[in-house]
2 protein chains.
Amino acid sequence: MTINWQTQAQKGKDILNNSIPKQWLLPIDRLPPVSQKSVVDFPRQSGLLNERELGITDMSATGLVTEMGNGKLSAEEVVIAFLKRAVLGHQLLNFATEFMADEAIARAKEHDEYYKRTGKLVGPLHGVPISVKEHIAMKNRTCNTGYVAWVDKVTTEDALLLELLSKAGAIFHVRTNQPQSLMHLCCSNNITGTTLNPFNRTLSPGGSSGGEGASMGFRCAPLGIGTDIGGSIRCPAAFCRAYGFRPSTLRNPGTGIKVAASGQETIRGVVGPLASCSIEDLELFQKAVLDQEPWDIETSLMPLSWKTVSPTRDMTVAIMWDDGWVRPHPPITRALRYAKEKLVAAGVKVVDWEPYKHQHGWEVISALYYPDAGGKQREVLAESGEPARPLTDWALSYSRSTPLSHHETWALQEQRDIYRDEYHALLNRRGVDFILCPTYPAAAAVMGESQYWNYTAIWNVVDLPSVVFPSGITVDPKVDVFTEEDREYVPRDEVDEREWRKYQDPERYEGAPIGLQIAGRRFKDEETLAAARVVEEIIKEKQSKI
Amino acid sequence: MTINWQTQAQKGKDILNNSIPKQWLLPIDRLPPVSQKSVVDFPRQSGLLNERELGITDMSATGLVTEMGNGKLSAEEVVIAFLKRAVLGHQLLNFATEFMADEAIARAKEHDEYYKRTGKLVGPLHGVPISVKEHIAMKNRTCNTGYVAWVDKVTTEDALLLELLSKAGAIFHVRTNQPQSLMHLCCSNNITGTTLNPFNRTLSPGGSSGGEGASMGFRCAPLGIGTDIGGSIRCPAAFCRAYGFRPSTLRNPGTGIKVAASGQETIRGVVGPLASCSIEDLELFQKAVLDQEPWDIETSLMPLSWKTVSPTRDMTVAIMWDDGWVRPHPPITRALRYAKEKLVAAGVKVVDWEPYKHQHGWEVISALYYPDAGGKQREVLAESGEPARPLTDWALSYSRSTPLSHHETWALQEQRDIYRDEYHALLNRRGVDFILCPTYPAAAAVMGESQYWNYTAIWNVVDLPSVVFPSGITVDPKVDVFTEEDREYVPRDEVDEREWRKYQDPERYEGAPIGLQIAGRRFKDEETLAAARVVEEIIKEKQSKI
């Protein structure tokens, strides 16, 4: 018996629809019109959340834990506030794949009882609602990874990361959307459809952790979990005015995260946090996980404890204005220029970063994404017969037409390591501690147009920890005009031209926040987060009108 | 123009022969007869080394550094003593591929001058002669890796490890032999031929770091460097009454070590020390290397500093008597039994270790050795037209007949990691700190018979640091008889039968030393060495006649 793929896809949609807590759904006529681009102010206007709940959902995870520790907030009310906001967010942005309201509330009540009984918090993430990218497996729930073929597959174990977070007190209330194949910087699949950007619904929330981007931007949770093999945590964070951290490989546990090409190691994906409010929350997440020594279970991980490092302004930050291949759009350059001014004024040593063979880096990583010529992806698509989405085709077009031989793969792996060592030596030689750079050539991608990954993927191939944070600047078509001079820019090649032309009409990017990226030394994850905190603080000190 | 492989091979032989310091060669009639099995007592009988030199070559690296620090020994006389012993060793065992006498002596003189001028040592390995397995590249020298095709290839850089050791004061005086393909636990190639075991020249010195085994056993250097992807450091150490350490992967730097399947990561080889005198020397080597933070150059390495740990008897040692597949020969079991008695008497907690799926472990690792069906090896053999040695054919017979697909490779990599995690969890569950076990089913392999690797390869797939040290016991055909009961042993399968039958004639193993192996937790390299030190100490305390 052949089941058509739409029937299968519907099952995934049903799981989602059946899970939505109906009591918090707004009737369609109370929602803003579909044509309304930004919906970030709607929670207040909606009437769904009261003042206290609005206040709760504006707080950071760190702040929430403090208040729960003081007894000023209960875990239950925290979880309910975020659940309400998430339901609203889902109505506006289609970011969820499954709600877990009852379980989350029950868990929160247990936490409250524990607190009442002992006067203590369950752990460093006591009562913090965390949204979770769907392909991070949850016990007794399906895990489809964005593939129609897998909508029925129920997992028997929690991903190790979830186990650890749960032990630290976190509460998972909603699972979030991802693109088909996990290899779009957008967020669209054949099961639950397309997720929108809360700041401008004609824009993508980024991908592949796009549901997380929307969740953070709309504050459906103070923390979220994404995965990143080329920018999939960082682009959604940047596109949605949020925070995102790509740790060095082999620090956070990957056990139980489901991907098509499982067991592939040519380029390792990582799992890491997104946050709606602060870098401090990213640190809170990392510390809560690594303090539990996950390497004692997942033995491939680096046995490196999470260190507390003191932030310092005594550092050299190099600004990479352009990666030498694709010129960033004018508002990105404006944000970097603004950042430079503030950093220099604050006494931080700032130099320019001349990019080192980024196109070569892309050739290596893009070939190593698909040693099998995308065979595994095509196999899983063929299993259900679902059509490939345009951006799946786009991503697969990076692969060679036939599988790499083992010898070609090994040669590329050598190239990867040599490039990594060379890049590191260059940082040493130039005396640079951190690189401040764009996250993407645009502030955000117009839906379906996210074609250039190399401002983020470059740190995947070099394997540098990298943090995205909001610059505080958003695209203003009146300020960030496409000038006559811009029009005369002679692109380096057709890729540069394609990306540059996208900005010809600045209106398309209206209201898009600009996220900047900071990369640090390999395995210096703690130092990189601390530096990002300092840089953000400086950039946002007494922020003048911009 | 076709050059036949013999002509090429001769070039490698010429490099060796031209490099031998002729002044120390003994005329053949002063050498023991070829039929004489053990030659370990010959240095004293030879008259080549005087009493002082014999004393020097009996010292540990640690001891030598101390005496050079006291000014009681000069680096020059140390290097000359070991060079003389190495030349003699080479005449008896054919273990070298190239001598570097002039350079080594010149270097030693520089060290002596430095010491005279400053009163200080150059570094923690000041003046310590180290023998080096040939495929560890040396600047401006050829690096053939045991392949005739590569005898002409000159390297332009020192291997990173050599650079670091040299900075620490070490002096490289001789390069050592390895088998064709590097995948024999014996030591025979078509260039410089076959290396012999100093304790019994009908036995193999082990492989693939067989030249190192012989070098250590004959004390041609206090320290040596080998590589290990299935036992290639540990078997030579065990077969030659020496010490050998297989560190966890990604601790010691591999840059500049030349192998056919370069860039392959399915199973990672490691580089590590062998020592002729003590575990302390293995620690000295490791500390000298890791104190220089090689991860700041080779960024794939774990950024883990070398820790000093205090040895303790408060540990649980599990003895694995048998791996559940191939029964060890009677003298191995005798050595383990003796070790157990001593450990128990010393108050160490000793339990039995039930092996966990070692045959599965072998299936995974043996498949992952050759994802390309050995294509790369065959390619390099074909380049010169040299014939494959029998043990090369044997090793390649582990591979499937056609290359693995990427998907098969990925599935096996997953199996590898799952097995690793399961093994680790089992150690935790059983409360075992260290496993004491055989290194090989026999005390040493009869030349050409080294067919079973899984007492060592198992720790490569699980990736546990493991140390080999001499048990103090050697095979005595009068004690280690093949009894009627042994004759009646019913082997589990043809592999077990093959290995068991090899002992039917115990005389073949006469005088072979028995090396025991201790494996610790992944990345607990320091603790494993410290534990091995304690165990060896206990086993050798007031050693009774055995």
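Cut-offs applied
Residues numbered from 1 in each chain as written. Chains lettered and ligands numbered in written order. Predicted model: local features only at pLDDT ≥ 70, side-chain atom pairs only at ≥ 80, totals over all residues. Heavy atoms only, no water. Helix = DSSP H or I, 4+ residues; strand = E, 2+ residues; numbered from the N terminus. Buried < 20%, exposed > 50% of the residue type's maximum accessible area, 1.4 Å probe, protein only. Contact = heavy atoms within 4.5 Å. Areas by Shrake-Rupley, 256 points an atom, 1.4 Å probe, with all protein chains shown as cover. Lys, Arg positive; Asp, Glu negative; His and termini not counted. Charge placed at Lys NZ, Arg CZ, Asp CG, Glu CD. Pairing = 2+ DSSP bridges. Axes fitted to C-alpha atoms, helices over the stretch in contact; angles between N-to-C directions. Salt bridge = Lys/Arg side-chain N within 4 Å of Asp/Glu carboxyl O. Expected span 1.5 Å × (residues − 1). Buried area = accessible area lost by both parts, 1.4 Å probe. Arc of directions from axis to C-beta. Least-squares fit on C-alpha atoms with pLDDT ≥ 70 in both. Polar contact = N/O pair within 3.5 Å; in protein donor to acceptor, adjacent residues only side chain to side chain. Phe/Tyr/Trp six-rings, centres within 6.5 Å; stacked < 30°, edge-to-face > 60°.

*Asks:* Help me understand the overall build of chain A, please; the structure alone is not making it clear to me.
*Replies:* The helix and strand tally for chain A stands at 19 helices and 13 strands. Here the C-alpha coordinates of chain A stretch approximately 65 × 60 × 50 Å along the principal axes. With 546 residues in all, chain A has 63% of them scored as buried. For chain A, the share of sequence-separated contacts (at least 6 apart) that also reach a separation of at least 24 residues comes to 81%. As presented, chain A carries roughly 19100 Å² of accessible surface, and 50% of it is formed by carbon and sulfur atoms. For chain A, the centre of its 61 positive side-chain charges and the centre of its 70 negative side-chain charges are spaced 2 Å apart.

*Asks:* What exactly am I supposed to notice about the sheet that holds strand β9 (residues 316-319) of chain A here?
*Replies:* Picture the strands of a sheet paired through backbone hydrogen bonds; they go either parallel or antiparallel. Residue and element names in this part refer to chain A. If you walk across this open sheet you meet the 11 strands as β1-β3-β2-β6-β8-β7-β12-β13-β11-β9-β10, and the pairing is mixed. Two strands lie at the open edges of the sheet, namely β1 (96-99) and β10 (349-352), each paired on one side alone. Looking at each pair of strands side by side, their axes are set apart by 30° on average, direction ignored. In terms of strand pairing, strand β7 (residues 243-246) meets strand β12 (residues 466-474) through three bridges, oriented antiparallel. What sits directly across from F245, in β12, is V467. Against the sheet, helix α6 (residues 101-118) touches β1 and β3 (171-176), its axis set at about 160° to β3.

*Asks:* Looking at this model, I keep getting lost on the pattern of salt bridges. Mind explaining?
*Replies:* A side chain of one charge can pair with a side chain of the opposite charge if their charged atoms are brought near each other. Counted by the stated rule, this structure contains 64 salt bridges over all chains. Ionic pairing is found between K357 of chain B and E422 of chain B, a salt bridge with its closest N-O pair at 3.3 Å. With a gap of 65 residues between them, K357 of chain B in the loop between β10 (349-352) and α12 (358-369) and E422 of chain B in helix α15 (residues 406-430) connect regions that are remote in the sequence. The exposure class of E422 of chain B is partly exposed, given its relative accessible area of 28%. Counted as one network, the salt bridges with shared partners bring together E98, E103, E134, R141 and R175 of chain A.

*Asks:* Would you mind going over helix α15 (residues 406-430) of chain A with me for this structure?
*Replies:* Within an α-helix, residues lying three or four positions from one another point in the same direction, as the helix has 3.6 residues per turn. Taking 1.5 Å of rise per residue, the 25 residues of α15 of chain A would be expected to cover 36 Å, and the 36 Å separating its terminal C-alpha atoms lies within 8% of that figure. Directly after α15 of chain A, the chain includes G431 of chain A, whose backbone phi takes a positive value near 65°.

*Asks:* Any chance you could explain the interface of chain B and chain A here in plain terms?
*Replies:* Accessible area lost on assembly of the parts is the figure often given for the size of an interface. Between chain B and chain A, the contact holds 35 residues from the first and 36 residues from the second. Carbon and sulfur atoms make up 50% of the area that chain B and chain A hide from each other, which totals about 3100 Å². Its largest share of buried area at the contact with chain A, chain B owes to T299, H406 and W410 of chain B, together 23% of the area lost on that side. Between chain B and chain A we count two salt bridges in total. Residue R416 of chain A pairs with E265 of chain B through a salt bridge whose shortest N-O separation is 2.3 Å.

*Asks:* Just checking my understanding: could you explain the sheet that holds strand β11 (residues 434-438) of chain B for this structure?
*Replies:* All names here are of chain B. Reading across from one edge, β1-β3-β2-β6-β8-β7-β12-β13-β11-β9-β10 is the order of the 11 strands in this open sheet, with mixed pairing throughout. The strands lining the two open edges of the sheet, one partner per strand, are β1 (96-99) and β10. Here the average twist between neighbouring strands, direction ignored, is 30°. Where strand β12 (residues 466-474) and strand β13 (residues 513-519) come together, six bridges link them in antiparallel fashion. Across the sheet, P470 pairs through a bridge with G515, a residue of β13.

*Asks:* What is the right way to read α6 of chain A from this model?
*Replies:* Residues and elements named next belong to chain A. Taking 1.5 Å per residue, 18 residues should reach 26 Å; α6 reaches 26 Å between its end C-alpha atoms and fits that length. Among all positions in α6, only A101, A104, I105, A108, H111 and D112 are buried. Taken around the axis of α6, the buried residues stretch over an arc of 115°, which confines them to a single face. Among the exposed residues of α6, those oriented more than 90 degrees off its buried face are D102, E113 and R117. In this fold, the buried residues of α6 make contact with α5 (75-93), β1 and β3.

*Asks:* Explain the relation of the copies chain B and chain A to me, please; I cannot follow it from the model alone.
*Replies:* Taken together, a rotation about one axis and a shift along it account for how the two chain copies relate. The transformation that overlays chain B on chain A combines an axial shift of 0.0 Å with a rotation of 180°, and the residual RMSD is 0.0 Å. Taken together, the rotation and translation describe the operation of a two-fold axis. It is M302 of chain B whose C-alpha, among those of chain B, lies nearest the rotation axis, at 3.4 Å. Here 100% of the contact residues of chain B are again contact residues in chain A; the copies associate through an equivalent surface.

*Asks:* How do you make sense of the pairing of β11 of chain B when you look at a structure like this?
*Replies:* Regular strands show a simple pattern: their side chains alternate between the two faces of the sheet. All names here are of chain B. Most of β11 sits inside the fold, with five of its five residues counted as buried. Pairing analysis gives four bridges linking β11 to β13, with the strands arranged antiparallel. What sits directly across from L436, in β13, is I518.

*Asks:* Teacher, can you tell me more about the side chain of T249 of chain A here?
*Replies:* All names here are of chain A. Within the fold, T249 resides in the loop between β7 and β8 (270-275). Assessed through its relative accessible area of 5%, T249 is described here as buried. Within the local environment of T249, its side chain forms a polar contact with the side chain of D463, the two groups lying 2.5 Å apart. A polar atom in the side chain of T249 sits 3.3 Å from the side chain of R522. Contacts of T249, omitting those with residues within four sequence positions, involve R268, V270, D463, R522 and F523.

*Asks:* Please clarify how the packing of aromatic side chains should be interpreted in this entry.
*Replies:* Aromatic ring pairs are described here by two measures, namely the spacing of the ring centres and the angle between the planes. Residues and elements named next belong to chain A. The final tally for this structure, using the stated rule, is 40 aromatic pairs over all chains. Relative to W453, the ring of Y369 lies with its centre 5.8 Å away and its plane at 55°, an arrangement referred to as tilted. With Y369 in helix α12 (residues 358-369) and W453 in the loop between β11 (434-438) and α16 (454-462), the pair connects residues that are 84 residues apart, well separated along the chain. For the pair formed by Y369 and W453, the shared burial category is buried.

*Asks:* Which parts of the structure should I look at to understand unusual backbone geometry?
*Replies:* Note: most peptide bonds trans; most residues except glycine with negative phi. That bond from G207 of chain A to S208 of chain A is cis: its omega, 0°, falls within 30 degrees of zero. Along the polypeptide, S208 of chain A turns up in the loop between β5 (193-194) and α8 (210-217). The phi dihedral of A373 of chain B falls on the positive side, at around 55°, and the residue is not glycine. With respect to the helices and strands, A373 of chain B occurs in the loop between α12 and α13 (375-384). Residue A373 of chain B is classed as buried on the basis of its relative accessible area, which comes to 6%.

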